[in-house]
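# Examination of the molecular architecture
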Amino acid sequence: MKRRQFNKALAAAGAAAAVSPFGILHAQAQKLRVGVLLPRSGYLGFIGQSCQKGADLAPEVIKGMLGVDIELMNADTESSVDTARTRAERLIQEGAHVLVGAFDSGQSAAIAQVAEQRGVPYIVNVAAAPQITEQGYKFVFRNFQTAVDIVRNGLALIGELFQATNSVPRSAVFMHVNDTFGQAMAKGIGAFMPRLTQLPFKIVDTITYDPAAKDLTVELSKAKSANADFLLLVCRLNDAILLRREMVKQRWNPMGIVSPGSPGMYEEQYFKTLGKLSEYSISNVPWYNPNAPLTRTVEKAFLKRNPKEKLVFHGLNVGFTFEAILVAADAFKRAKSTEPKTLADAIRQTNITSKMTLGGPIKFNEKGQVEGIGSACVQNLDLIPKVVLPANAAEAKPVFPAPYYKKA
Amino acid sequence: MKRRVAALAVLAVLLLLLPGFAGPYALSVATLILYFAYTGQAWNVMMGFAGQLSLGHSLYVGVGAYAAGALFFHYGIGPWAGLWVAILLCVLLGVAIGFLAFRFGISGVYFALLTIAFAEFTRIGFDHFNWIGGPGGMFLRVAQRDAWDLANFRGPPLMYYYAMLALTAGAFALCFFLLKSRPGYYWQAIRENEEAAQALGINTFRWKMLAVAISAALTAVSGVFFAFYYNNLFPEQIFHISRSIEIILGPVIGGVGTLFGPILGAALLTLLSDGITEAVAALGWEIPGIKQVFYGLVLLLVIMFLPHGIWPPLARRLGLHKR
Amino acid sequence: MALGLSVIFGVVRVVNFAHGEMMTIAMYAASVLFAALGLDPFAAMLPIAAAFFVFGYVLQAGLINPFITRPEHSQFMLLVAVAIIMVNAMLMIFGPDARNVQVDYQLESFQIGSLLIDKARLYAAAAAVVAAAALFGFFRFTLTGKAIRACADNYLGAKVVGLDVKRLYALTFGLGAVCVAVAGCAMVLLVEVTPSLGPAYTLLAFVIVIVGGLGSMGGALLGGVLIGVSEALAGLFIAPSAKSMFSFGLLILVLLLRPQGLLGKRS
């Protein structure tokens, strides 16, 4: 009996939800309803929650900046493609005017399809798979670098790094995770390296490893035996920590650890776990400009809501998530309407110059992609990640080779 | 008997008319329910009918999806042709695994572990298989989806809903006839007591292999649907053991070995999952993870108190059971 | 950890799919004790193991016992549900951030000639051997241990003889949980804890147990060493990212050719 009643009740609820009116108000709308889709549980839970911080502070900051009212509708994609899709449908049905999210390329692609099909604009905050903006969609926009851009910028910054520190390493051993990200980076490096003749080093060995591996002893000993000057690493957080520890246990002290573009070494856990060992690791990633006025505003709002945290550890996630909502709000202000097609057209006309992340203005090309987003060379100094390049955004001078360097 | 046919007819009409009164969100949920109902039914053939516990069924979904997807991606071959390649590959795989297992006398838990091993093996293998995109995944080109393009299986969500409905209905009918026919009885015998069945002269090997082959073939179609519905495939996700677990949740909760069990199970679980999410949101408990805890608790309770699934007792109450 | 699984599966014949999750809980417990009391994980092993014994016992007696006679898929689902609850409860309590323990000797290594041996791993291995020896002794030389082995060999016979099988099963599960606790405490020195750490370890434990042989203490140890070495070799000679593939391939071979494992007995 209980099952039937439960079932009936659910069916009734489902039917009621289904036939409830859409509630999309056209023109003269006072509030912009932004659906925020992020993986707040599941294996990406940590990152999703980090992005959420950027979303949570957005309404207040944007009200101050643009005088526009934003209502957030948060949904958890649970790190799953199925859930991402149904949640997106649900948000649209509940009246979201624009969608933002979802960090992971697979989930973002699923949401993109829903958004395109329903004609609701969708702004990707962080997701690097190039294909998302290659489908000819009219309603999907991305304010983040594609994997290709990340690699190109990352490698260029490596060249700048060596120039700025007057160092000439001749060889590098390249280690990378075997997942979406690592593979894209490896491909990019293979494509760009031959063209970047000003880079003084050659890659003497490439070692791929399983992102879920809990033991990287073998991989690292292989790397050590390559006798390279420095380690070029594309990693994620947990393996970065494992590798750094392994380096100590195996007593390998190269010139440095440089990432041409990957998460891991600038994340809080890396510092917390490794302490002094985290020093001098370098990551070339899209980042926020520490000197930009908007950064300071966002940082104030961030600290108000998260007094025990530091923005610098969530910079990337918060920065891009915030900007995605900013783009939506800015378009809303110009369009003066919440009608989806009008909003999409307005988003296409976006030209935001005063922004938080590095690089050129936020302007979408015909594919819905922003070009010219900058990367920074971020080095771990004094137990926080600091921008060391480009010089106009730098907070400190780069250190390379690292002081622990011992010629093998 | 009449009651059962009548009930079925009512259900069929409701499902056919669902898009008329359901919004897009409900439609997407319904499509998901049907997807799990269908895939669960396919798994049920192997487990419920022939008694072989497969915990690596994501293998067939993945291979099916990648087969059809790769053909479309690299050669532009449409899903209708790709479908047959997918089915063929999966049947070969299933038969291979079945052959290895049965010839060597593996059964029960060991068989289950074998299936897990194969799925994991394939997952890591595909992660290194660059022709289908490796870990970076395969993204199928998505065309504008307003018109019904059956040839390439592209269209509005409505089309996918009806396609899945047709598949589920087809699987249901197929299983119905299978159960009533010779294989059905042989399977029952094997399931209840394999040794006795062998003693009676039934070629258990052949019939078990048939179940495996049918199950694999049906699941392959599920994979093809998945590929063209989601349009992106990642080895890490599609071959993952959590997907295998998702597939069997429906039938186990609904009732292994029954015809209607997988469908009921899939419906209840998906509605439960969404229902809890809504309830938790309504109560304002935005703690990540709380929904899954409730979900797990419900699963636990059902498993403990309704060991044969929900359908058998429900059917008895509704007067829809056989006797 | 594989030892625990071997014991549980070998005796109670229940496939514990929540094994990895239990180890994750042990790891969290160790990290909490470390954060609160500064207790070295190896020292924390004792209290945590004791707590886990009770936990395992209660889990078996309360939840799993009715399932012994039920079909495998039911047992599997039960433990999957338990695992889901465990993982997400941990997510709720501890949040998604990784936690860890920082001890001095964590990053040190012994140097013997040109060979570098990781201190933390060495201690962990020692703990494993001690645990295995203790279990072995228990099963061989104590009355209860023999009783448990009797249950494993012949359930009906044991009942006929008057052994309280239910209690013994619960005891066994408790012991398995103790192994998990020991493993967790050692593990927390090597790896960060996150809520979703469990499933990979459950699978690994199964591979080891099957290869080494069910119900055989030496088998579990041997299996562990074998898998570890083969993964390392596979990593060295084939692509490191495919080394798990090798383990699963090995599992398939063992299941087909020698399902009782290297040191197990044919049941």
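Here, every reference points to the structure presented above.
Residues numbered from 1 in each chain as written. Chains lettered and ligands numbered in written order. Predicted model: local features only at pLDDT ≥ 70, side-chain atom pairs only at ≥ 80, totals over all residues. Heavy atoms only, no water.

Across its full length, chain B holds 14 helices and two strands. Taking 20 Å as the expected radius of gyration for a compact globule of 323 residues, we find that chain B reaches 20 Å, a close match to that expectation. Overall, chain B is about 60 × 45 × 40 Å in size when its C-alpha atoms are taken along their principal axes. Among the 323 residues that make up chain B, the fraction classed as buried is 61%. Across chain B, contacts joining residues at least 24 apart in sequence account for 75% of those joining residues at least 6 apart. (Helix = DSSP H or I, 4+ residues; strand = E, 2+ residues; numbered from the N terminus. Rg over C-alpha atoms; globule rule 2.2 N^0.38 Å. Buried < 20%, exposed > 50% of the residue type's maximum accessible area, 1.4 Å probe, protein only. Contact = heavy atoms within 4.5 Å.)

What follows is about the overall build of chain C. The helix and strand tally for chain C stands at eleven helices and two strands. Along its sequence from the N terminus, chain C presents helices and strands in the succession α-α-α-α-β-β-α-α-α-α-α-α-α. Computed over C-alpha atoms, the radius of gyration of chain C comes to 18 Å, within 12% of the 18 Å expected from 2.2 N^0.38 for 267 residues, which places it in the range of a compact globule. Each principal axis of the C-alpha distribution contributes one length, and for chain C these read about 60 × 45 × 35 Å. Per-residue burial for chain C yields a buried fraction of 57% across its 267 residues. For chain C, long-range pairs separated by at least 24 residues make up 72% of all intrachain contacts whose partners lie at least 6 apart in sequence. Carbon and sulfur atoms provide 70% of the accessible area of chain C, an area that totals close to 10400 Å². Once the 15 positive and 11 negative side-chain charges of chain C are each reduced to a mean point, those two points are 16 Å apart. (Areas by Shrake-Rupley, 256 points an atom, 1.4 Å probe, with all protein chains shown as cover. Lys, Arg positive; Asp, Glu negative; His and termini not counted. Charge placed at Lys NZ, Arg CZ, Asp CG, Glu CD.)

Once that is clear, we can look at the interface of chain C and chain A. Contact residues are listed per partner, giving 31 residues for chain C and 32 residues for chain A. Between chain C and chain A, a total of about 2600 Å² is buried, with carbon and sulfur atoms accounting for 50% of that surface. Looking only at chain C, the three residues that lose the most surface to chain A are L107(C), E192(C) and S241(C), adding up to 22% of its buried area. At the junction of chain C and chain A, the tally comes to zero salt bridges. Applying the counting rule to chain C against chain A returns zero residue pairs in polar contact (both at pLDDT 80 or more). Among the elements of the structure, β1 (109–112), β2 (115–118), α10 (217–237) and α11 (243–257) of chain C are those that each provide at least two residues to the side of chain C that touches chain A. When its residues are assigned to classes, the side of chain C that touches chain A shows 16 nonpolar, nine polar and six charged. (Buried area = accessible area lost by both parts, 1.4 Å probe. Salt bridge = Lys/Arg side-chain N within 4 Å of Asp/Glu carboxyl O. Polar contact = N/O pair within 3.5 Å; in protein donor to acceptor, adjacent residues only side chain to side chain. Nonpolar A, V, L, I, M, F, W, Y, C, P; charged D, E, K, R; others polar.)

With that out of the way, let us pick up the interface of chain A and chain B. When the parts of a complex come together, some accessible area is lost, and that lost area is often used as the size of the interface. Between chain A and chain B, the contact holds 42 residues from the first and 54 residues from the second. Around 4100 Å² of area is buried between chain A and chain B when both sides are counted, 51% of it from carbon and sulfur atoms. Inspection of the chain A/chain B interface yields four salt bridges. The tally of links from chain A across to chain B stands at 14 residue pairs in polar contact (both at pLDDT 80 or more).

Scanning the model with the defined rule gives 21 salt bridges over all chains in all. When the shortest N-O distance is used, the salt bridge between R118(A) and E89(A) registers 2.7 Å. Highlighted residues: R118(A) in helix α4 (residues 105–118) and E89(A) in helix α3 (residues 81–93), separated in sequence by 29 residues. For the pair R118(A) and E89(A), a shared accessibility class is recorded, and that class is buried. Close ionic contact of R123(B) with E236(B) constitutes a salt bridge, the shortest N to O distance being 2.7 Å. Here the residue R123(B) occupies a position in helix α5 (residues 108–127), and E236(B) occupies one in helix α10 (residues 235–238), the gap between them amounting to 113 residues. According to the relative accessible area criterion, R123(B) is buried, its value standing at 12%. Classification of E236(B) as partly exposed rests on a relative accessible area of 31%. If you follow the salt bridges from partner to partner, you end up with R87(A), R90(A), E94(A), D274(B) and E278(B) in one network.

On to unusual backbone geometry. All names here are of chain A. The amide bond that connects G101 to the next residue, A102, takes the cis arrangement and shows omega of -5°. One non-glycine residue, N227, lies in the positive phi region at around 55°. Examined against the element boundaries, N227 turns out to sit in the loop between α7 (217–225) and β8 (230–234). Backbone geometry at K336 places phi at a positive 55°, although glycine is not the residue there.

To continue, consider the sheet that holds strand β10 (residues 282–286) of chain A. Residues and elements named next belong to chain A. Spatial ordering of the open sheet is given by β7-β6-β8-β9-β10-β11-β12, a layout of seven strands whose pairing is mixed. Here the strands that pair on one side only, and so sit at the sheet edges, are β7 (202–209) and β12 (384–389). Direction aside, neighbouring strands of the sheet carry axes that sit 30° apart on average. By the bridge criterion, five bridges tie β10 to strand β11 (residues 375–381) in an arrangement that is antiparallel. Along β11, the bridge assignment pairs V285 with A376. (Pairing = 2+ DSSP bridges. Axes fitted to C-alpha atoms, helices over the stretch in contact; angles between N-to-C directions.)

Let us now look at the packing of helix α2 (residues 45–66) of chain A against helix α11 (residues 315–335) of chain A. Residue and element names in this part refer to chain A. At a closest axis distance of 7 Å, the pairing of α2 and α11 adopts a crossing angle of 40°. When the axis of α2 is compared with that of α11, the two are oblique. Seen from above, α2 lies across α11 with right-handed handedness. Contacts from I47, S50, C51, K53, G54, A55, L57, A58, V61, I62, M65 and L66 in α2 reach N317, V318, T321, F322, I325, L326, A329, D330 and K333 in α11. Among the residues forming the contact of α2 with α11, the class breakdown is 14 nonpolar, four polar and three charged. (Parallel < 35°, antiparallel > 145°, perpendicular 65-115°, else oblique. Left-handed = near helix turned anticlockwise from the far one by under 90°.)

All names here are of chain B. At a minimum axis separation of 7 Å, helix α4 (residues 79–103) and helix α9 (residues 204–230) run at an interaxial angle of 145°. Like other packed secondary-structure pairs, α4 and α9 cross with a definite hand, here right-handed. Across from P79, L83, A86, I87, C90, V91, G94, V95, G98, F99, F102 and R103 in α4, the residues of α9 making contact are F205, K208, M209, V212, A213, A216, A217, A220, V221, V224 and F228. Of the residues in the contact of α4 with α9, the class split is 19 nonpolar, two polar and two charged.

In this section: the pairing of strand β1 (residues 31–38) of chain A. Residues and elements named next belong to chain A. Judged by how many residues are buried, β1 sits mostly within the fold: six of eight residues are covered. Bridge analysis of β1 against strand β2 (residues 69–76) gives eight bridges, and the strand direction is parallel. Paired with L38 across the two strands is D76, which belongs to β2. For the crossover from β1 across α2 to β2, the handedness is right-handed. (Right-handed = clockwise from strand over helix to strand, strands pointing away.)

Time to look at the sheet that holds strand β5 (residues 140–142) of chain A. Residue and element names in this part refer to chain A. Spatially, the five strands line up as an open sheet ordered β2-β1-β3-β4-β5, and their pairing is parallel. Strand pairing shows two members of the sheet lacking a second neighbour, β2 and β5, which therefore form its edges. On average, adjacent strands in this sheet sit at an angle of 25° to one another, irrespective of strand direction. Pairing of strand β3 (residues 98–101) with strand β4 (residues 122–124) involves three bridges; the strand directions are parallel. Across the sheet, G101 pairs through a bridge with V124, a residue of β4. In this fold α4 packs onto β1, β3, β4 and β5, with an angle of close to 160° to the strand it touches most, β4. Across the sheet, α11 touches β1, β2, β3 and β4, and the angle it forms with β1 is around 160°.

Another point: the environment of V285(A). All names here are of chain A. Mapping V285 onto the fold places it in strand β10. Accessibility expressed as a relative area gives 2% for V285, which makes it buried. For the pair V285 and L316, spaced 31 residues apart in sequence, the C-alpha to C-alpha distance is 8.6 Å.

The next thing to look at is the side chain of Q379(A). All names here are of chain A. Mapped onto the elements of the fold, Q379 is located in strand β11. At 3.1 Å, the side chain of Q379 and the backbone oxygen of Y280 are in polar contact. Beyond its immediate chain neighbours, meaning those up to four positions away, Q379 contacts Y280, S281, I282, I384, P385, K386, V388, K397, P398 and V399.

On to the packing of aromatic side chains, then. Per the counting criterion, the structure on display carries 38 aromatic pairs over all chains. Plain terms: the ring middles of Y35(B) and F226(B) are 6.1 Å apart, the flat faces sit at 45° to each other, and that makes the pair tilted. Highlighted residues: Y35(B) in helix α2 (residues 24–49) and F226(B) in helix α9, separated in sequence by 191 residues. You'll find Y35(B) and F226(B) in the same group, each marked buried. Judged by centre distance (6.0 Å) and plane angle (75°), the rings of F99(B) and F205(B) are edge-to-face. Remark: F205(B) occurs in helix α9 and F99(B) occurs in helix α4; sequence separation between them is 106 residues. We classify F99(B) as partly exposed; its relative accessible area is 41%. Aromatic rings pair up to connect Y35(B), F36(B), Y160(B), F225(B), F226(B), Y229(B) and Y230(B) into one cluster. Sitting above the plane of the Y404(A) ring, R244(A) keeps its charged end 5.0 Å from the centroid. If you follow K208(B) out to its NZ or CZ, it ends over the ring of F102(B), 4.3 Å from the centre. (Phe/Tyr/Trp six-rings, centres within 6.5 Å; stacked < 30°, edge-to-face > 60°. Lys NZ or Arg CZ within 6 Å of the ring centre and 35° of its normal.)

What follows is about the side chain of R244(A). Residues and elements named next belong to chain A. Examined against the element boundaries, R244 turns out to sit in helix α8 (residues 237–249). Put simply, R244 is tucked away with no salt bridge, and the nearest opposite charge, on E279, sits 9.8 Å away. If we ignore the near neighbours within four places in the chain, the residues touching R244 are I257, Y270, L274, L277 and Y404.

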